[in-house]
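# Working through the structure, step by step
The primary structure of each chain is shown beneath.
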Amino acid sequence: MSRKMILRVSVAVLCVYFVIAICAPLFTPFGPAEISGKPLQPPGNDHLLGTNDLGQDIFCQLVYGARITLLFGFCSALLSVLISTTVGIVIGYYGGFVDEFVSRCIDILVPIPMFPLLIVLTAFFSPGVLQISLLMGVLGSIHGIRIIRSQVLSLAQTSFVEGARAIGASDFHIMSRHILPNVMPVVMVKFVSQSQHLLVMGVGLSFIGLWDTTTVDWGTMIQNSYSSGGMALGLWWWLLPPGIAVIGISLALAMIGYSFEEKFNPRVGVNRI
Amino acid sequence: MPGDYITNYLLSLTNHLPKEAVDQFYHQFGLDLPLTEQYVLYLSNIMQGEWGYSYAYSVPVFSLIMEKLSWSLILLLPATVLGILIGTVLGAWSGWKSGGKKDLAVFNLMIVIRAIPEFWWAIMAVVVFAFYLKWFPLGGYTSIDILYTGLSIPDVLYHAVLPVSLMTFFIATGNYYVMRNSMISVIGEEYITTARAKGLDERGILWNHALKNALLPMITITTFQFAAIIMGNVFIETVFSWPGVGLLTTEALRLRDLPLLEGIFLLDTLFSITAMLAADVLCSLIDPRIRMGEDV
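This one's a predicted model, so the numbers in the text were calculated from it and none came from an experiment.

### Notes on the overall build of chain A
Counting its regular elements, chain A contains eleven helices and zero strands. Starting at the N terminus and ending at the C terminus, chain A contains elements arranged as α-α-α-α-α-α-α-α-α-α-α. Seen through its C-alpha atoms, chain A measures out along the principal axes to roughly 75 × 45 × 35 Å. Long-range contacts, defined here as pairs at least 24 residues apart, represent 69% of the contacts in chain A between residues at least 6 apart.

So, in structure tokens, the structure goes:
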């Protein structure tokens, strides 16, 4: 399969996930927390993927779980890219004291390991799903600021920026119309790779039980099934679906990310991948 | 995840919360002070080497972490060394052959491996190799025989095989990317073209020109990976119930044992700062193009 084909398939898979997440109530006969049948029923006509130990329908949990998983994956990635682009462009463009100050602050923040910090912060503030995704977004933006800044530093010296300044364009105009389109490829690559990274991290966080278990997402489902010995009892329909769902979206995002990188990153493009 | 340690603990014992007990606990650990005051107290304690007491284990945090760290090291030391070696060799080979069919196959395989969450690999490994094939134990660090025979090293190693191989696998894929990218950018350099134009044989170019330069970014990555050892591997240790720092973290999290969590996090941060410093110094020692201080 060629890269183009892989990219198309990945985008299609991603769209399917989004449609399922948005139209969740259309697909599901029961709510995610509703006890709708006997516990531990195998897949059948009533329950497409069977039921868990409480008698909740696994298919419904899976579909509603997509909402939460996608929410924290993409919200946090969007926020992180937004912050790193804005801050990176502003400090790269103005330079001088602002740049020096923010860069030193980032130097201080970079060595702090993100995952443990996230664990400590969630343990301390016990936030909800939305707050955690905001937190992940803010923490995940730090690395991106450096990348965008280094791009903008060289862009700010180019003649088209100088030309724009000479005809009296305002700083905001230059930043939004001349610099932003030029860093857009990097931003796109960063967004896709970041959303994959943060989505998997979010599922991991809920797998180790970081947020309250009343919100059902894929990580919680895997955790529930694994800790109650779902697989050991031969209850494959309980453990496999959420895992496969995570793998599907993570693979699709990874493939899109690499295809983008290949397209936009001249360094990788030198020797054809 | 709401609640703090004492309310959780008391509620698991009885249904009502004795107010005096909660107040006493707060007072004993200084939790009734304002946050700023608590922070100043924490800082001054850290400066004096007092890392605080764990709520759940009632022992000093530092010695507890150190004890668990030695267990984590059993897994992570071999995994890190092996992972770095395998990843570097595979990445170098793949980068040198970049664009070829074999390189593409390995590269795509690595993307797929990387995209699947770590804990999922771990669960699947337990299910397949331990549960269905029964080649390895399901988890833990020793078998039940320890009660009669005492802790035996072969037994512990036997329990460590599966987690170590999984971690090796992961560390290797991470290194593979860095090494491959580095190799690709090095063989695009002009000095490689020059070497070819001089008529050097390919093997000589690979060993003397390409590999040496491509290995430079690996220094930074390697020091970082050694720093990451301290955190243990939360997912793999949790899935395999290996009594290391990673499992300690999830336990502390479950019990809301804040001093313990803070201790683990602090140690982790200190390690990564040291690793950054070490990476900078090493890079400037090895690469003459990077200089420290004087002429920046």
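### Re the overall build of chain B
Each helix and strand in chain B was counted, giving 14 helices and zero strands. Scanning chain B from its N terminus toward the C terminus, one meets helices and strands in the order α-α-α-α-α-α-α-α-α-α-α-α-α-α. In terms of overall dimensions, chain B is more spread out than a globule: its C-alpha atoms have a radius of gyration of 24 Å, far above the 19 Å expected for 296 residues. Referenced to the eigenvectors of the C-alpha coordinate spread, the extents of chain B come out at roughly 85 × 60 × 35 Å. Among the 296 residues that make up chain B, the fraction classed as buried is 34%. Contacts spanning at least 24 positions in sequence make up 69% of the contacts within chain B whose residues lie at least 6 apart.

### As for the interface of chain A and chain B
Across the contact, 35 residues belong to chain A and 38 residues belong to chain B. Considering every element that reaches the side of chain A that touches chain B, the biggest residue donor is helix α10 (residues 236–264) of chain A, with seven residues. Taken together, the residues of the side of chain A that touches chain B sort by class into 26 nonpolar, six polar and three charged.

### Brief notes about the nonpolar core
Ranked by internal contacts, the top residues of the largest apolar core, which has 115 residues, are Ala122(B), Met167(B), Met183(B) and Leu261(B). The element best represented in this core is helix α3 (residues 58–94) of chain A, accounting for 17 residues. Among all residues touching Leu261(B), those that are not within four sequence positions of it are Ile119(A), Val120(A), Ala123(A), Ala252(B) and Leu253(B).

### What about the confidence of the model for chain B?
Residue and element names in this part refer to chain B. Of all residues in chain B, 95% attain a pLDDT of 70 or more, and the chain-wide mean is 82. The secondary-structure element of chain B with the lowest mean pLDDT is helix α7 (residues 146–149), recorded at 72, while helix α4 (residues 61–96) shows the highest, at 88. Under the prediction, the complex receives an ipTM of 0.81, its pTM being 0.84.

### Some details on the environment of Ile148(A)
All names here are of chain A. Position of Ile148 relative to the elements: it lies in helix α6 (residues 129–155). Ile148 gets classed as buried once you count the C-beta atoms within 10 Å, which come to 25. The sequence separation of Ile148 and Val187 amounts to 39 residues, and the corresponding C-alpha distance is 7.7 Å. Leaving out residues up to four positions away in the same chain, Ile148 has contacts with Ser84, Thr85, Gly88, Ile89, Gly92, Val183 and Val186.

### Remarks on the environment of Leu180(A)
All names here are of chain A. Relative to the helices and strands, Leu180 resides in helix α8 (residues 171–207). A residue is classified by how many C-beta atoms lie within 10 Å of it, and Leu180, with 16 of them, is partly exposed. A C-alpha to C-alpha distance of 9.9 Å links Leu180 and Ile148, two positions 32 residues apart in sequence. With residues up to four places along the chain from it excluded, the contact list for Leu180 reads Ile89 and Met175.

### Details of the confidence of the model for chain A
Chain-level statistics for chain A give a pLDDT mean of 83 and a share of 95% at 70 or above. Of the regions scoring below 50 in pLDDT, residues 269–273 of chain A engages in twelve contacts with residues more than four places distant in sequence or in other chains.

### Things to note about the environment of Thr249(B)
Residue placement: Thr249(B) occurs in helix α13 (residues 245–254). Expressed as a C-alpha distance, the spacing of Thr249(B) and Asn233(B), which sit 16 residues apart in the sequence, is 9.7 Å. If we ignore the near neighbours within four places in the chain, the residues touching Thr249(B) are Ile119(A), Val234(B) and Ile264(B).

### Side note on helix α11 (residues 216–228) of chain B
Among the residues of α11(B), those classed as buried are Ile221(B), Thr222(B), Thr223(B), Gln225(B) and Ala227(B). Tucked inside the fold, the buried residues of α11(B) contact α4, α8 (153–187) and α14 (258–286) of chain B.

### Here's the deal with the packing of helix α9 (residues 190–197) of chain B against helix α10 (residues 202–214) of chain B
All names here are of chain B. Where α9 meets α10, the axes come as close as 10 Å, and the angle between the chain directions of the two elements is 150°. Between α9 and α10, the angle falls in the class roughly antiparallel. As α9 packs across α10, the resulting crossing turns out to be right-handed. Contact with α9, carried on its side by Tyr191, Ile192, Ala195 and Arg196, involves Ile205, His209 and Ala210 of α10 and no other residues of that element. Grouping the constituent residues of the contact of α9 with α10 by class yields five nonpolar, one polar and one charged.

### Section: unusual backbone geometry
Residues and elements named next belong to chain B. Within the chain, Ser241 stands out as a residue other than glycine whose phi angle is a positive 45°. The topology assignment puts Ser241 in the loop between α12 (234–240) and α13. Judged by C-beta crowding, with 12 C-beta atoms within 10 Å, Ser241 ranks as exposed.

### Comments concerning the packing of α4(B) against α13(B)
Residue and element names in this part refer to chain B. The contact between α4 and α13 brings their axes to 8 Å, and the two run at 130°. The angle between α4 and α13 falls in the class oblique. For the pair α4 and α13, contact is made by Ile65, Lys68, Leu69 and Ser72 and by Val245, Gly246 and Leu248, respectively. The residue makeup of the contact of α4 with α13, split by class, is four nonpolar, two polar and one charged.

### Describing helix α3 (residues 35–47) of chain B
Residue and element names in this part refer to chain B. Between its first and last C-alpha atoms α3 spans 18 Å; for 13 residues at 1.5 Å apiece the expected length is 18 Å, and the two agree. By the criterion of burial, α3 is predominantly exposed, with just zero of the 13 residues buried. Positive backbone phi, approximately 80°, marks Gly49, located one or two places after α3.

Thresholds applied
- Residues numbered from 1 in each chain as written.
- Chains lettered and ligands numbered in written order.
- Predicted model: local features only at pLDDT ≥ 70, side-chain atom pairs only at ≥ 80, totals over all residues.
- Helix = DSSP H or I, 4+ residues; strand = E, 2+ residues; numbered from the N terminus.
- Contact = placed C-beta atoms within 7 Å.
- Rg over C-alpha atoms; globule rule 2.2 N^0.38 Å.
- Buried ≥ 20, exposed ≤ 12 C-beta atoms within 10 Å, placed from the backbone.
- Nonpolar A, V, L, I, M, F, W, Y, C, P; charged D, E, K, R; others polar.
- Core = buried A, V, L, I, M, F, W, Y, C linked by C-beta atoms within 7 Å.
- pLDDT = per-residue confidence, 0-100.
- Axes fitted to C-alpha atoms, helices over the stretch in contact; angles between N-to-C directions.
- Parallel < 35°, antiparallel > 145°, perpendicular 65-115°, else oblique.
- Left-handed = near helix turned anticlockwise from the far one by under 90°.
- Expected span 1.5 Å × (residues − 1).

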